[in-house]
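Architecture at a glance
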Amino acid sequence: MTRPRPRRWRRVPLALLVAAVALLAGGRPAAADPPGPTNFRSTVDAIVPDVEGIEVSIVGGDGFLLLEVASGHTVEVPGYSGEPYLRFAADGTVEENTSSPAYDLNQSRGRTDTSADADAEPTWRVVATDGRWAWHDHRVHYMGSGDPAPDHASRGDGLRWTVPIVVDGTEVEVQGRYVLLAAPSPLPWFALAAVVAAAVVLGLTRLIEPVSAAGTAVLASGVFAVAAAWAQRGADPPGAPTSPLVVVLPVVAVIAGVIAVMQRGRVLRAVAALAGAAAAGGWALVRLAHLWTAVLPTTLDPALDRAAVAVALGATVAAATLVVRSGALAAERVGPPPEVPGASD
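Throughout what follows, the structure given in this document is the object of discussion. Predicted model, so just to flag it, every value in this text is computed and none were measured.

Moving on, we come to the pattern of salt bridges. Close approach of charged atoms allows side chains of opposite charge to pair. Following the criterion strictly, the structure yields eight salt bridges and no others. Arg-87 is the salt-bridge partner of Glu-95, the closest N and O atoms lying 2.7 Å from each other. We classify Arg-87 as partly exposed; its relative accessible area is 33%. Between Arg-125 and Glu-96 there is a salt bridge, with the nearest N and O atoms lying 3.2 Å from each other. Remark: Glu-96 occurs in strand E6 (residues 94-97) and Arg-125 occurs in strand E7 (residues 124-128); sequence separation between them is 29 residues. A residue is classified by how much of its surface remains accessible, and Arg-125, at 35% relative accessible area, is partly exposed. Note on Glu-96: relative accessible area 4%, which makes it buried.

This brings us to helix H6 (residues 245-262). Compared with the 26 Å implied by 1.5 Å per residue over 18 residues, the 25 Å span of H6 between its first and last C-alpha is a close match. Residues Val-246, Val-247, Val-248, Leu-249, Pro-250, Val-252, Ala-253, Ile-255, Ala-256, Gly-257, Ile-259 and Ala-260 constitute the buried set of H6.

Taken together, the side chains of Leu-187, Phe-190 and Trp-292 present a nonpolar region at the surface, about 310 Å² in accessible area. By secondary structure assignment, the location of Trp-292 is in the loop between helix H7 (266-286) and helix H8 (302-326).

Basis of the calculations
Residues numbered from 1 in each chain as written. Predicted model: local features only at pLDDT ≥ 70, side-chain atom pairs only at ≥ 80, totals over all residues. Heavy atoms only, no water. Salt bridge = Lys/Arg side-chain N within 4 Å of Asp/Glu carboxyl O. Buried < 20%, exposed > 50% of the residue type's maximum accessible area, 1.4 Å probe, protein only. Helix = DSSP H or I, 4+ residues; strand = E, 2+ residues; numbered from the N terminus. Expected span 1.5 Å × (residues − 1). Patch = residues over 30% accessible without salt bridge, like charges linked within 9 Å, V, L, I, M, F, W, Y side chains within 5 Å. Areas by Shrake-Rupley, 256 points an atom, 1.4 Å probe, with all protein chains shown as cover.

Structure follows, in structure tokens:
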């Protein structure tokens, strides 16, 4: 006689799901909106004069200017009206003036209006202690709506920009440029999604029953999505983390896939497979623009990132289709209908 598994093991997936939700609820809001997909690429060309103790780069295609200051050096970054905005101390402490108009404007990549007064008394707050900070400097990216005219940023070398800073008392210019890139076609990735869906519905179901196939598809796509999500988080600049939702949704898909594949109970497994499909599909929809945008916020190869989105889309369609077609969610008749006392033969 087969011994039933202890109940405590059946509670493990539920506990993991609760932990994932707690992670989402505990995520702190970002100081500024995180990098997103874009068709622009901004680069730093030169630091004039060439001084020691600083490194300047662009993060997120054209979203953030990242300044890294070595120990023993000081840097001041003025705001757009020349007001004090950022200051980097020799011990690595970074402070931001929250009364500065630049502080208000830099909370969003595209913000253009503020009521802050450039002459207001500075209100400093510590934002970092390691000499690194990134901000949405609106001089390093395109601030218009829609794509610019062809003679704006897509022409030749692109549009040049400069950002003034003061390093150890010396006035310095960070010089660079941004250019509009050609957007990739999303059609190959939608085709991959269709292939994944067909492979699961028509192929995997020949090896295992439909609900297990749905759970397997959700589980596999969730694992792929978790890797892509961590790569996106790894590309975050200091002060602008990606929403925890980007990681939590694929984790939920993985947990739901495990339940659908390993747990008992026809209805439980079907519900888990549908929940996993919803999580994977939600994650893919949040990142859908990655399929047709040139520069992605990730440390992965862009093709792998787009493939993760396509696989999640295909697995979502396949899992939902298989669960609905299986009839696993239909009410089951447990036994014959009860006899009614006094009923005639």
